[in-house]
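Close look at the chain arrangement
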Amino acid sequence: MATGETGFDDVTYDLVSVQYHALKAGHDYGQYKRDADNAGKQDIADFFRTVMAEDSARAKQCHEFTQELSGSSESGPAVT
């Protein structure tokens, strides 16, 4: 695997990027859920709870994949 300027291989970089965006979105969705709760829109608040859970699961899966790559020669010097 190619190791870019960051010292991470492309796959590790991609996983970290998806994890970051999933965590950031989950944080933002918390506010959206509160807004819906405050507006009395339970169905919409439930929707935001669902997407928060999906992003949380996505971030967790990225973390697990990154752990699998950590320490391997494929991941690049930044994670070995």
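The paragraphs below set out a description of the structure included in this document. (Residues numbered from 1 in each chain as written. Predicted model: local features only at pLDDT ≥ 70, side-chain atom pairs only at ≥ 80, totals over all residues. Heavy atoms only, no water.)

Some details on the pattern of salt bridges
Put simply, the test is: Note on definitions: salt bridges are taken to be side-chain nitrogens of Lys or Arg within 4 Å of carboxyl oxygens of Asp or Glu. Strands are runs of DSSP state E lasting at least two residues, helices are runs of H or I lasting at least four, and both sets are numbered from the N terminus onward. Under the scheme applied here, a residue whose accessible area is under 20% of the maximum for its type counts as buried, over 50% as exposed, and between as partly exposed, the area being computed with a 1.4 Å probe on protein chains only.
Tallied over the entire structure, the rule returns 6 salt bridges. Between R49 and D46 there is a salt bridge whose closest N-O contact spans 2.9 Å. Of this pair, R49 and D46 both sit in helix α2 (residues 42–69), 3 residues apart, which is roughly one turn of that helix. The exposure class of R49 is partly exposed, given its relative accessible area of 35%. By relative accessible area, D46 is classed as partly exposed at 36%. In this structure, D55 engages R58 in a salt bridge whose closest nitrogen and oxygen atoms are separated by 2.3 Å. Of this pair, D55 and R58 both sit in helix α2, 3 residues apart, roughly one helical turn. The buried category is assigned to D55, whose relative accessible area is 8%. The partly exposed category is assigned to R58, whose relative accessible area is 40%. Linked through salt bridges whose partners overlap, the residues forming this network are K33, D37, D46 and R49.

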